Each structure stands twice: as structure tokens, then as C-alpha cells.
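Here is how the chains run, residue by residue.
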Amino acid sequence: EGMAPPQRILFPPERIYMDWQQRWRAGAGLHNPGNLCFLNSVLQCLTYTPPLANYLLSREHSQSCRQQGFCVMCRMESHVNRVLRSSGSAIYPSAVISVLTRESFQGLGQVFFCSCRRKVLTSSFLVIGEHFQLGMQEDAHEFLRYTVDAMQRACLNGISNLDISSESTTIVHQIFGGFLRSRVTCSSCKAVSDSYEAFLDIPLDIKAASSVTAALTDFVKPEQLDGENCFKCSQCNKMVAASKRFTIHRAPKVLTVCLKRFEDFTGGKINKVVKYPSCLDLRPYMSQPDGESLFYSLYAVLVHSGNGCHSGHYFCYTKASNGLWYEMNDSSVDHCDISTVLQQQAYLLFYVR
């Protein structure tokens, strides 16, 4: 509703499988040779994303890929297959990382894999922007965004003249992507102006919120536009006071939530408990809040321990296809229970529809 339909479907939605197609025990951990915990934790969360893992395990992408040279989707496919098929085996990082220019690969770095007997050297899956520095602690959320954006561009490689709606039909955007609606309502004539924006995750302000549901309620709360922020109403033909409200217009198959723990300027951290459920109903935050529930199940939690974004340590909890939860802390993979998972000071939350 209110959005143009895609002119072209790049990946059939009926071939996206939300439930695990194979049952695996937890795969291998990822060795950390120095300040790569942000990378390891993000890759583990992506590896245990059911619809993405199902697609990558099928090796469908590499079988049809026409990309010359480096392809981030092919590398991710190789990584996921090696991790999930290497349970009990050590996985180490490659020593070779090539950082390419922004012009050659739009700021992305190359990825290398090496095999050494039964030990697969994979955790240097460093898909990075120019500003990332090897050996430095980086932000896990930023790295996640670069990686998913790179995967989206890989799916669009070689395809031109696409409308925005068609671009959202790649396998990557159909899994992680949704659309927000921004609705501005004139306070004088009540005229409505809608605009739409694609998203790959939802950042939530937690300064005044004690739970994810409270933060989501604040996210969709109307904002008053007045004074210097007045709105030019096309009906009134003048600057007027108005209200602006964001809602989730099209829900993603996988919902990624970022709890905004780091201060923009100081880099300081908000160390507080923010409760999050194992089952989340997104319906109250939709453009159409009435209707049947829209349930999401928690499957991964990424945690930052420390007092600032430039230090500390990242690790994660993931739910494997066998239904069990595991703490994944670089090279260690240990079974845990859901109560432990729900007690963390989460930074990133991953829910599957």
C-alpha cells in the first residue's frame, strides 16, 4: 500500500526457507589473532541466520555467479559452509588481507581463505571500508552494515536500470530488508504526506527505555514539527506546524535491532540493562497496527563488554539448527541456556520471523 510494485523479481520469495533445511550441531569457533572479535561475532550471527544459511549451504549463488574476481557472496557462502561443516575443528584466520580502493570495490576489502590439512583458515573474512584498520577494535554494528550492504551490491552486480522496489527483491534484501513509512500530518488541514525508506536494521534509542518494546514504542511515537522545524504543507501552501511519525511499513523476514549504547561524540557507553523478549510481536509498531500478530523469534544476541566503543570485547550467543543456544566467544563454543542469553547487556539483537 502506497508503494510502487517491483518491475522485476530478482529472487523468487517462495524459495526463501525460514526454517532450517538441515539439522546441524554448533559449528566451529573463530580464532582471534588480535582485535577481530567484532568481526568474529558478526560473522557468527550471520552464519546462524536460518534463511541466509539455507541459501548459502545450497551453494546456489556460486553456481550461477558471473562476477569476475572477488565476490562477497561467494566468500560468505564458502565461510558458512566451512564453519557449519567444521564442528569440532579449529578455524584460524588467514594472514593475508588486501584492502582495495573505494574506486575498485566501493571501499570493500578483499577476503582470502586458505586450507591447511583439516584446519580451515577462514576468520579473516574482512569485508571492510577504507577507514577500518587492521588490528584496531572496530564497531560491530558498522561492520555488520558494511557486510550486508556488500552482499546486497553483489546480488545486484551486472544488473542495471532497476527501480528501488526491484532492488529490494534480492535474496539479501528480502531476508534483512524492510521499509519504514514517514507520515507527516498537517496540524491545520490534517493533510497527510507519506514517504518510504528502505532499512536493513532498526536503531533504537535506549536512554529513556528499559526494554526493547518500550524503545520501539518511542520509535513510532509522533514527533512535533514546529518553530524552525515547521513543515511546508502543499494544501495550505505555507509553513505549518505538523506531526511526523515513523512506522514499520513492510516488515523484514529477519529483524535486526541495534541498541544505541555508544554516544555519538564521546564514544562513551550506556551500560544499562535493557530487557528483550525471546518472542517479539512487531504488529503494534506497523503502519497497520490492527490485525494478527507478527511474531519474531530471537536467534542471536551480540554483546559488547567494556566501557567504550574503542575498547572492550565482542562476543555473541546464537541458536543453532538443533534448537540449542551457544555462547560463541571467538574460538570457544559453549552450550548455554536461554535464561543466560536473556540476561545480557545486548548491543545487537537478531530475530527471525
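These remarks concern the structure in this document. (Residues numbered from 1 in each chain as written. Predicted model: local features only at pLDDT ≥ 70, side-chain atom pairs only at ≥ 80, totals over all residues. Heavy atoms only, no water.)

**Re the overall build of the protein**
Here is step 1 of the chain: Tallying secondary structure elements over the protein gives ten helices and 17 strands in all.
Here is step 2 of the chain: Taking all 353 residues of the protein together, 50% fall into the buried category.
Here is step 3 of the chain: Within the protein, residue pairs in contact and separated by at least 24 positions form 67% of the contacts whose partners lie at least 6 positions apart.
Here is step 4 of the chain: With the model as given, the accessible surface of the protein reaches about 16600 Å², and the carbon-plus-sulfur share is 48%. (Helix = DSSP H or I, 4+ residues; strand = E, 2+ residues; numbered from the N terminus. Buried < 20%, exposed > 50% of the residue type's maximum accessible area, 1.4 Å probe, protein only. Contact = heavy atoms within 4.5 Å. Areas by Shrake-Rupley, 256 points an atom, 1.4 Å probe, with all protein chains shown as cover.)

**Some remarks on the packing of aromatic side chains**
Here is step 1 of the chain: Inspection of the entire model under this criterion finds seven aromatic pairs.
Here is step 2 of the chain: An aromatic cluster is built from Phe262, Tyr314 and Tyr347, whose rings are joined through pairwise contacts. (Phe/Tyr/Trp six-rings, centres within 6.5 Å; stacked < 30°, edge-to-face > 60°.)

**Re unusual backbone geometry**
Here is step 1 of the chain: Non-glycine residue Arg59 carries a positive phi angle of around 60°.
Here is step 2 of the chain: The topology assignment puts Arg59 in the loop between helix H2 (50-57) and helix H3 (60-64).
Here is step 3 of the chain: One non-glycine residue, Asn161, adopts positive backbone phi at about 60°.
Here is step 4 of the chain: Tracing the backbone through its elements, the reader meets Asn161 in the loop between helix H6 (140-156) and helix H7 (164-167).
Here is step 5 of the chain: The exposed category is assigned to Asn161, whose relative accessible area is 77%.

**Thoughts on the sheet that holds strand E5 (residues 192-199)**
Strand pairing in a sheet relies on backbone hydrogen bonds, with the paired strands running either antiparallel or parallel.
Here is step 1 of the chain: Spatially, E5-E4-E10-E7 is the arrangement adopted by the four strands of the open sheet, whose pairing is antiparallel. Bordering the open sheet on either side are E5 and strand E7 (223-225), each of which pairs with just one other strand. Strand-to-strand twist in this sheet, taken as the mean axis angle between neighbours without regard to direction, amounts to 30°.
Here is step 2 of the chain: Where strand E4 (residues 178-186) lies against E5, eight bridges are found, and the strand directions are antiparallel. Residue pairing across strands places Arg181 opposite Tyr196, the latter belonging to E5. (Pairing = 2+ DSSP bridges. Axes fitted to C-alpha atoms, helices over the stretch in contact; angles between N-to-C directions.)

**Description of the environment of Met3**
Here is step 1 of the chain: Relative to the elements of secondary structure, Met3 occurs in the segment before helix H1 (37-47).
Here is step 2 of the chain: Measuring from C-alpha to C-alpha, the distance between Met3 and Phe179 comes to 9.7 Å, with 176 residues separating the pair along the chain.

**A look at the pattern of salt bridges**
Here is step 1 of the chain: According to the stated counting rule, one finds five salt bridges in the structure shown.
Here is step 2 of the chain: The partner of Arg145 in a salt bridge is Asp201, and the shortest N-O contact between them spans 2.1 Å. Residue Arg145 is located in helix H6, and its partner Asp201 is located in the loop between E5 and strand E6 (202-205); the two are separated by 56 residues in the primary sequence. Residue Arg145 shares its accessibility class with Asp201, and that shared class is buried. (Salt bridge = Lys/Arg side-chain N within 4 Å of Asp/Glu carboxyl O.)

**A word on the nonpolar core**
Here is step 1 of the chain: If you look at the biggest cluster of nonpolar residues, it comprises 56 residues, and the most contacted ones within it are Met73, Ile171, Phe176 and Leu302.
Here is step 2 of the chain: When residues of this core are assigned to their parent elements, the largest contribution, eight residues, is made by H6.
Here is step 3 of the chain: In terms of nonpolar packing, the next biggest core, distinct from the first, is built from 35 residues, Val220, Val341, Ala346 and Leu349 among them. (Core = buried A, V, L, I, M, F, W, Y, C linked by side-chain atoms within 4.5 Å.)

Limitation: the analysis is restricted to geometry and does not speak to function.
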